[in-house]
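Read off the chains here:
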Amino acid sequence: MSRERRQVRNAWARHVAVVAGLAVLCVLVFLVSLRFGSYRASWSEILSVLSSGGDGAGYQIIWNIRLPRTVTAMLVGLCLALSGVCLQGVMRNPLASPSIIGISAGAGLSGVAILILFPDAHHLLTPVAFLGAFSTSLVIYLMAWQQGFQPTRLILSGVAVSSFLGAGISALMVFYPDRVHSVLGFMVGGLSARAWKDVGIILPYAIAGSVLLGVLAKRLNLLMLGDEMAVSLGVPLESTRLSLLLLASLMAAAAVSVAGLLGFVGLLVPHMARIMVGSDHRLLFPTSALLGAALLAACDTVARVVMDPVEIPVGIIMALLGAPFFLYLLHTGFKQHRS
Amino acid sequence: MPLKAEHLVVSYPRSSDVLHDVDFELRDGELATLIGPNGCGKSTLLKALARTLPCKQGRVCFEGRPLASFKTQELARRLAFLPQSLDAPHGLQVRDLVSYGRHPHLSWTSRMTSEDWNIVDWALAQTALEDMQHRDVDTLSGGERQRVWIAMSLAQRPRVLLLDEPTTFLDICHQVDVLDLVVRLNRELGITILMVLHDLNQAVRYSQRILAMAHGRIVGDGSPREVVNPALLRELFQVEARLLDDPYHGCQVVVPVRSLHARHIRREREVATTGPAKEAQ
């Protein structure tokens, strides 16, 4: 019995160590991301700016340009990763990701419409993209609702609505070929020139979403056993599923409205986290959140540094590094680690 | 009476009624089994009793109260339901899965207390799973897995347990193992059990009461000897069968003789008129 107890403690200790390690990784990525770029700050400069402020060009760059950008990157990564875990859990489908519930298509069409049709109103891009993303996911839920949600119907409805809106995006780009270049940054997803106001937009969703998902983690675990089993264990099915879906949509919409269509994080990170800590959402949520934050901030740093002074949109770096890594996972351990 | 169905009508979305006017009572402490051909509504009845399907007409009462008046969590503290063919998420340990059975007894914020863990230990002991409590559920055999799910239901400490085909997909040894466990839960712990079984001999041998269903209605209700007879088997399953006495268990054994299915009969006639030689070609 004592050996058994020790095993339990070891399993927990290992998982806690993973989460702690990821937290340390986040801090490291955060500092590295502040240091490197077209302006090379020294460690001591970064620490003095973070602790006591200062003035001059170095302070301006670190405090008003790099810091908000890094914080935004981390929050966007966190939101997309949590949204992905949540959706994969609710739909019990390893292919589910924020783009499935229309986030990308909704934000894409409304964002492209603003940038192409009303270029003067480009400051409205973020709120309009948010509205587009969130309302599209509501439309998809309405379409899929039939005495409750069925995951398959939800996914198919998402695919259908997404291709419908995708046609709209393509049409706009075909009719206004001269303005396409202004849209590209948004379509690919990037974080250049993000400021404190962007942090202000996404922060409330990141905090509220993380807290509420933490509370719902236990129920999501039960939902994974199947609808009937979950009900038999006392989970009110539709209200739980609806709150999880709304949370996932809100977080993804907030992320996409700030950073553009960064689709891949929400698919990749949950699978990496599942390989690290298994399928218990009480561990999976914090692991994915930290992993998403670290990954996106790291990719953004690479995007800034690798072809300096030209900056590559972070979406491209994400896909270039993420896709091969994902395929590698698929090839090695992933078979035993499907959700 | 813990569970009572009154004029129950149930249908799936956009289809005709699956249950018509089902009326029956599950008595306290009994072990009852639903039998009937595929698609007769056995599983549907179980789901309606567990409130995973809504009733179109009529109602189900649990401990004298309409089922609809219970909160999901409140009901789950007294009534446990194990659906068919369950799948555990990858990498979940037996002990953790069994601990999910305590969920109905926890509030939003409270965590598992040592008393909850004692109940988990008790459920693991009842189902003889102590030795494998730290293994991943998906490394176990089918029979062991079924015991894990039953242990999870036990951790709910229910008064009534509904089991949908607990022995399907198990080999004969694990079937007997699971059914012996079910009988023990009923006799020693006093849990009222209603289950669906496909094997008539197991139904006859293990249950005190048989409910026979056909076309969404209950057509036979009573002790195995009262209900299971050649006439009922012909009506329910279109099969000609004889009943023999089992000298070891004091119950009867169903021995099927031939199918009375219309298609089968027609073919037999063809063989009779045209002769076996032609059939052989």
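No experiment lies behind these values; they were computed from the predicted model shown.

Criteria and thresholds
Residues numbered from 1 in each chain as written. Chains lettered and ligands numbered in written order. Predicted model: local features only at pLDDT ≥ 70, side-chain atom pairs only at ≥ 80, totals over all residues. Heavy atoms only, no water. Contact = heavy atoms within 4.5 Å. Buried area = accessible area lost by both parts, 1.4 Å probe. Salt bridge = Lys/Arg side-chain N within 4 Å of Asp/Glu carboxyl O. Polar contact = N/O pair within 3.5 Å; in protein donor to acceptor, adjacent residues only side chain to side chain. Helix = DSSP H or I, 4+ residues; strand = E, 2+ residues; numbered from the N terminus. Nonpolar A, V, L, I, M, F, W, Y, C, P; charged D, E, K, R; others polar. Buried < 20%, exposed > 50% of the residue type's maximum accessible area, 1.4 Å probe, protein only. Pairing = 2+ DSSP bridges. Phe/Tyr/Trp six-rings, centres within 6.5 Å; stacked < 30°, edge-to-face > 60°. Lys NZ or Arg CZ within 6 Å of the ring centre and 35° of its normal. Domains from an automatic or database assignment. Axes fitted to C-alpha atoms, helices over the stretch in contact; angles between N-to-C directions. Parallel < 35°, antiparallel > 145°, perpendicular 65-115°, else oblique. Left-handed = near helix turned anticlockwise from the far one by under 90°. 1 Å grid on protein atoms, 1.4 Å probe; cavity = no way out; pocket = protein on both sides within 12 Å on 5 of 7 lines; lining within 4 Å. Points joined across faces, edges and corners; volume = space filled by probe spheres on them.

Attention now goes to the interface of chain A and chain B. Taken together, the contact pairs 27 residues of chain A with 32 residues of chain B. Area buried by chain A at its contact with chain B is led by Leu225, Glu228 and Leu233 of chain A, which between them contribute 21% of it. Between the two partners, chain A and chain B, sit 1 salt bridge. In this structure, the connection of chain A to chain B is made through 5 residue pairs in polar contact (both at pLDDT 80 or more). Elements with a minimum of two residues in the side of chain A that touches chain B: α1 (2–35), α8 (196–223) and α9 (227–232) of chain A. Considering every element that reaches the side of chain A that touches chain B, the biggest residue donor is α8 of chain A, with 6 residues. A breakdown of the residues in the side of chain A that touches chain B according to their chemical character gives 12 nonpolar, 9 polar and 6 charged.

Below, the discussion takes up the pattern of salt bridges. Residues and elements named next belong to chain B. Under the defined criterion, the tally for this structure stands at 26 salt bridges over all chains. Between Glu30 and Arg27 there is a salt bridge, and its shortest N-O distance comes to 3.7 Å. On the basis of relative accessible area, Glu30 is assigned to the buried category, the value being 6%. Here Glu74 ties to Arg78 by a salt bridge, and the two come within 4.0 Å at their closest N and O atoms. A cluster of three or more residues bridged by salt bridges with shared partners is formed by Asp28, Glu63, Arg65, Glu74, Arg78 and Arg159.

Glancing now at the pairing of strand β6 (residues 79–82) of chain B. Note on strand geometry: in a regular strand, side chains alternate between the two faces of the sheet. Residues and elements named next belong to chain B. Across the two faces of β6 the burial is the same, with Leu79 and Phe81 and Ala80 and Leu82 all buried. Relative to strand β7 (residues 160–164), β6 runs parallel, the two being bridged by 4 bridges. Across the sheet, residue Phe81 finds its bridge partner in β7, namely Leu162.

By the definition in use, this model includes 7 aromatic pairs over all chains. Ring centres of Phe130 of chain A and Phe134 of chain A lie 6.3 Å apart, and the angle between their planes is 15 degrees; this geometry places the pair in the stacked category. Remark: Phe134 of chain A and Phe130 of chain A occur in helix α5 (residues 125–144); sequence separation between them is 4 residues, near one turn of the helix. Site record: aromatic cluster; members linked through ring pairs are Tyr59, Trp63 and Trp196 of chain A. Geometry around Phe70 of chain B places Arg65 of chain B over its ring, the cationic atom sitting 4.0 Å from the centre. The ring of Trp122 of chain B carries the charged tip of Arg157 of chain B above its face, separated from the ring centre by 4.4 Å.

Residues and elements named next belong to chain B. Assigned domains of chain B: these are domain 1 (3–78 + 158–230) and domain 2 (90–155). Each partner contributes residues to the interface: domain 1 has 15 residues there, and domain 2 has 16 residues. A buried area of about 1300 Å², summed over both sides, lies between domain 1 and domain 2, and 66% of it is on carbon and sulfur atoms. Of all residues in domain 1, Gln73, Arg77 and Leu181 give up the largest surface area on contact with domain 2, accounting jointly for 29% of the area buried on that side. The interface formed by domain 1 and domain 2 contains 1 salt bridge. In this structure, Asp177 and Arg147 form a salt bridge, with 2.9 Å as the shortest nitrogen-oxygen distance. Connecting domain 1 to domain 2 are 6 residue pairs in polar contact (both at pLDDT 80 or more). Where the side of domain 1 that touches domain 2 is concerned, the elements lending two or more residues are α2 (72–76) and α6 (172–189). At 7 residues, α6 tops the list of elements feeding residues into the side of domain 1 that touches domain 2. Of the residues in the side of domain 1 that touches domain 2, the class split is 10 nonpolar, 2 polar and 3 charged.

A word on the packing of α8 of chain A against helix α10 (residues 237–259) of chain A. Residue and element names in this part refer to chain A. At a closest axis distance of 9 Å, the pairing of α8 and α10 adopts a crossing angle of 150 degrees. Taken together, α8 and α10 sit at an angle that is classed as roughly antiparallel. For the pair α8 and α10, the crossing hand works out as left-handed. Looking at the contact of α8 with α10 residue by residue, the classes come out as 17 nonpolar, 4 polar and 2 charged.

Of the volumes computed, that of the second largest pocket is approximately 910 Å³. Along the wall of the second largest pocket there are 31 residues; nearest its centre are Gln147 and Leu237 of chain A together with Thr52, Leu53 and Pro54 of chain B. A per-class count over the lining of the second largest pocket returns 15 nonpolar, 7 polar and 9 charged.

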